[in-house]
Amino acid sequence: MEIPYTIQIRPDTGLYNAKLGIWLFLASEVMLFGGLFSAYILLRVGAEPGMWPHGWLNVTLGTVNTLLLALSAITTLLAWAACRVRDFRKFKIFHACTILLALTFLGIKSYEYRDKLIHYEVQLTNGRFADGHLIEKSADFDLAKKTGTVTLHGRIVEDEKDLMDLRATPAEKPAEITVAAADIKKMENYGPKHNTFTAIYFTLTGLHALHILGGTLVIFYFWAFGGAMWKSDPERFTNRIEVSGLFWHFVDLVWIFLFPVLYLT
Amino acid sequence: MEKLVQQFPPFREAAAPHGHDDHGHHEHHEPGFWSKYIFSTDHKVIGIQYGFVALCFMQFGFCLMMLMRWQIAHPGVPVPAIGHLLEKILGQPAAGGAISPDLYNSFGAMHGTIMVFLGVVPLAFAAFGNYVVPLMIGAPDMCFPRINMASFHAFFLGGVVMLVSFFIPGGAAQAGWTSYSPLATTIPTNGQAFWLVGMVLLITSSLLGAVNFIATIIQLRAPGMTWMRMPFFVWAQFVTAFILLLAFPPLEAAGVLQLMDNVAHTSFFLPTGLAIGGQLADRSGGGSPLLWQHLFWFLGHPEVYVLILPAMGIVAEVIANNTRKPLWGYKSLVYSALFVGFLSFIVWAHHMYMTGMGQKIATFFQTTTMIISIPSVIILTCMFLSLWGGSIRINTPMLFALGFLPMFGIGGLTGLPLGLAASDLYLHDTYYIIAHFHYVVAPGTIFALFAGVYFWFPKMTGRRMNEFWGRVHFWCSFTFMNIVFMPMFAQGIKGMLRRMSDGAVNYSAARVPNAIDALPGTVMELNTWILWAAIALGIAQIPFIINLFWSIGHGEKVNSDNPWGATTLDWQTPTPPPHGNFAHEPVVVRGPYEYSAPGHATDFTPQDEPESSSAPVNPTAHH
Amino acid sequence: MSESEKPVCLKSYFRLCAVVFLVVVCTTSAMIATSFSHIGEGWTLKVALILAIAVVNAFLVAGYLMHLLSEKKLVYTVLAFTVFFFVGLMGLTVWATNGFPPGTVSH
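The structure displayed is predicted, hence computed values, not measured ones.

A.B. asks: I'd like to hear about the overall build of chain C, residue by residue, with values.
C.D. replies: When its secondary structure is counted, chain C shows 3 helices and 0 strands. For chain C, the N- to C-terminal ordering of α and β elements is α-α-α. Projected onto its principal axes, the C-alpha coordinates of chain C cover approximately 65 × 35 × 10 Å. Evaluated residue by residue, chain C yields a buried proportion of 27% over its 107 residues.

As structure tokens, then:
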């Protein structure tokens, strides 16, 4: 028993099944990320004035990631085009590039995540704030027992508001600061629970990264194990490359909005 | 004449072999037990899997309700007969065999969740849809059989997660099926996290199913099956699938956000300055509880149309079949269903009138809510009018279909004061609401689902269910459903609020005689009536359960593939339909409800029966 | 046949891709420049401009790389409804949380 229109297009719709299926799925993904973006808008609009961070993310790394993804979108399209002209070797080259670009993207993202997780905001007992990247904690550092010291590469500010807009504040040169545990009221890294900005940043980019990972795995599967289907049914294989390519382009599309919204505004 | 026939490729094996498919070849290897019944990709098996599991969940949800009704009627009194069993299984929350307030809350939350997401939606959409839709459009299976299988397993896993949550320390979710923050995040147990994970799995299952349904209906209609020749049931499932596709994801997003709140201690839905137990919470704040409500109800409202549309589809099929005449107003039905689906996305905040919205926005939602009642009324009216002049055949499916009509009418009409913001302010969160939505879903949708079971049983098994016990099932269910839910309107109007684990006894005139508008004894007494009616309703399901299983092996055998004399393609298959469904690809030449056509030998003309007259038939007639 | 659309020439795709990538580089630079500029009071105008440029970027990817511009009407229709509901979700939610009954005190 064969299901019609798996490869041939249905005349009145002009589509084969998987293509319609992927567009429907992408429509649902638009609503998924839409839900998250609407959360972002509401949280930002509802934030206290002056308390929404700016400039907390590295624009250079973000730009590199943007260009990497854009390039990968192009290699994805070219991989499909190579399939269409039945050039399997070129398909392999292009999609190898796609996979490498994707992995590089994920690598940079992990670096950015780690950067946030070693960046601490320390609320001091005298009401001021120490803020910077962790260099080291002393061997006897214990917040509960109030022993030891922690060394950060950063600065000390009067008020939490001064930490919000890293674009506006003329950056004083960050220096090495050592803080005693006894002077620390609260110490927290820039992880998801730090404030709603980091929360939505990690959630949005995390979900996006999961999609990148998923897409990479699918493309890798076709790249590594597609030989058999290519030999027996190249048209069906080409359709699979097209459909997975559409998913990949969608993931790029989400980043096209993520990047400016999180990094540039 | 050949030229008029659209060139659809033959879907039998005649085409050039397309290399190695999993099932593309002609040898018939008998699949083992696991691939035949557990990991099947056949839409009929998957439909039955969904149906069976969903009915089990509905039974379980019913039991939760009975325990709750006991507690409401006899607050603090140990549950008779099974109280000590509860204590053994659940421990402290069921201490002494009585249902503690926390346990009551988790029963309430899980009753709602299980009935909606594990019971009605899988049964109405996934079970009936999977089994019947490909048959009705003349397709050999769904568009993506393996995704179909994956969607069932995601559903099953989601159900397992939900059930397991009863046994973790702290028990299941307690914050209502609506899981409002901050309560859902500040309850110090993990039940809510399990609920969220379960929901993500269930939503994934529905999304996969929705993609499959839409693609199947668009792409796999048999030659001649134009859009306006599709049975209304297929249209209803089509709109339902679209609603699921586009409305579920924001809830999935919200679920992820709430899970982050619960597990990663973010503050997406927690406001600044939140205090828990008198202490300032160690949270960043800055979040918005309202955001959860918006994202939840963005799905929550379209979800109710997911619950009702397949039911309307089933009722339409059963009515057309048992009146032996075409449905009245087919086009109106179709356009109304489409309009309802579309509008359902922009009415959601009528669940949020009490949240302090501005007047303009409340009016906007009130207006769209009033407008959406119009197509619902049109659909109901068309079904009523379809009875006019029909030669009505009474059998169990028809009884349930007929019962659906006034019950949905009551449910729908009682929704009007809820859609109007002014009256909703009083009625919100009272028993009036409970009565309203249960009328549409319980004697509404569930009756239609029963009708569907009795109606399609002969196609699935080749036997009829017992007619006498079917009628007993109907009349008892009808009577007791009404006794359970009708009094709740009165209780709600009198001011009895919902989700009170003590059955509102602390607001009763007996407890606080001097309070203004304390609930009078008559209202409180109704709780006992409702309890007994619920028990009777439960007992009334026993004949159905026995009938269902007994008839599989011992029911009266049908003597044809089309015992009801139906026109739609699902009845033109062998019984039960084999893998691939149709012996020969059907070619549709007429509409779906050609009953009692003048001059025809029989009182029904199947959609694919070839024209016998010499006049040329154009199977490519476009809508 | 799904491949009955006009036959593919790899070279023409190279050209298309080069152009698209170049435009992407330009739009990205434009967004960054806008972000670091001092247009307008506060962030509102900047955000609007940046988002407008992002939409152009998205249009390119969707239109050319996903060949949405040559896609069938059915796909357009599905996406059009999606966009409508997406806008509804965002717009109505923001309107709802910003509209308060008269007399509400905010601080």
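A.B. asks: Give me the nonpolar core: which residues, what numbers.
C.D. replies: Counting 292 residues, the largest nonpolar core has B:I214, B:L245, B:V315 and B:A451 as its most contacted members. Here the element with the most residues in this core is helix α4 (residues 101-137) of chain B; it accounts for 24 residues. Beyond its immediate sequence surroundings of up to four residues, B:I214 is in contact with A:L24, B:F238, B:A241, B:F242 and B:L245. If you look at the next biggest cluster of nonpolar residues, it comprises 6 residues, including A:Y120, A:V122, A:F129 and A:V150.

A.B. asks: Which residues make up the interface of chain A and chain B, and what are the values?
C.D. replies: Each side of the interface is counted separately: chain A has 38 residues, and chain B has 43 residues. The set of elements that each furnish at least two residues to the side of chain A that touches chain B consists of α1 (17-45) and α4 (196-225) of chain A. When residues in the side of chain A that touches chain B are grouped by element, the largest group, 15 residues, is from α1(A). For the side of chain A that touches chain B, the per-class residue count stands at 20 nonpolar, 13 polar and 5 charged.

A.B. asks: Run through the sheet that holds strand β2 (residues 129-137) of chain A, naming residues and quoting values.
C.D. replies: Within a sheet, neighbouring strands are paired by backbone hydrogen bonds and run either parallel or antiparallel to one another. All names here are of chain A. The sheet built from 5 strands is open, its strands ordered β4-β3-β2-β1-β5 with antiparallel pairing. Two strands in the sheet have a free side with no partner beyond their single neighbour: β4 (175-180) and β5 (184-189). Averaged over all pairs of adjacent strands, the angle between strand axes in this sheet comes to 40°, irrespective of strand direction. Note that β2 and strand β3 (residues 149-157) share 8 bridges and pair antiparallel. Counterpart to F129 in the pairing with β3 is V157.

A.B. asks: Go over the interface of chain C and chain A with me, naming the residues and quoting the values.
C.D. replies: Taken together, the contact between chain C and chain A spans 40 residues of the former and 43 residues of the latter. Elements that contribute at least two residues to the side of chain C that touches chain A include exactly α1 (10-36), α2 (44-65) and α3 (73-98) of chain C. It is α3(C) that contributes the most residues to the side of chain C that touches chain A, 12 residues altogether.

A.B. asks: Before we move on, can you summarise the environment of A:L253 with the specific residues and values?
C.D. replies: All names here are of chain A. Within the secondary structure layout, L253 lies in helix α6 (residues 234-264). Take L253: there are 24 C-beta atoms within 10 Å of it, and that puts it in the buried class. The spatial distance from the C-alpha of L253 to the C-alpha of D115 is 25 Å, given a sequence separation of 138 residues.

What counts, and at which threshold
Residues numbered from 1 in each chain as written. Chains lettered and ligands numbered in written order. Predicted model: local features only at pLDDT ≥ 70, side-chain atom pairs only at ≥ 80, totals over all residues. Helix = DSSP H or I, 4+ residues; strand = E, 2+ residues; numbered from the N terminus. Buried ≥ 20, exposed ≤ 12 C-beta atoms within 10 Å, placed from the backbone. Core = buried A, V, L, I, M, F, W, Y, C linked by C-beta atoms within 7 Å. Contact = placed C-beta atoms within 7 Å. Nonpolar A, V, L, I, M, F, W, Y, C, P; charged D, E, K, R; others polar. Pairing = 2+ DSSP bridges. Axes fitted to C-alpha atoms, helices over the stretch in contact; angles between N-to-C directions.

By themselves these figures say nothing about function.
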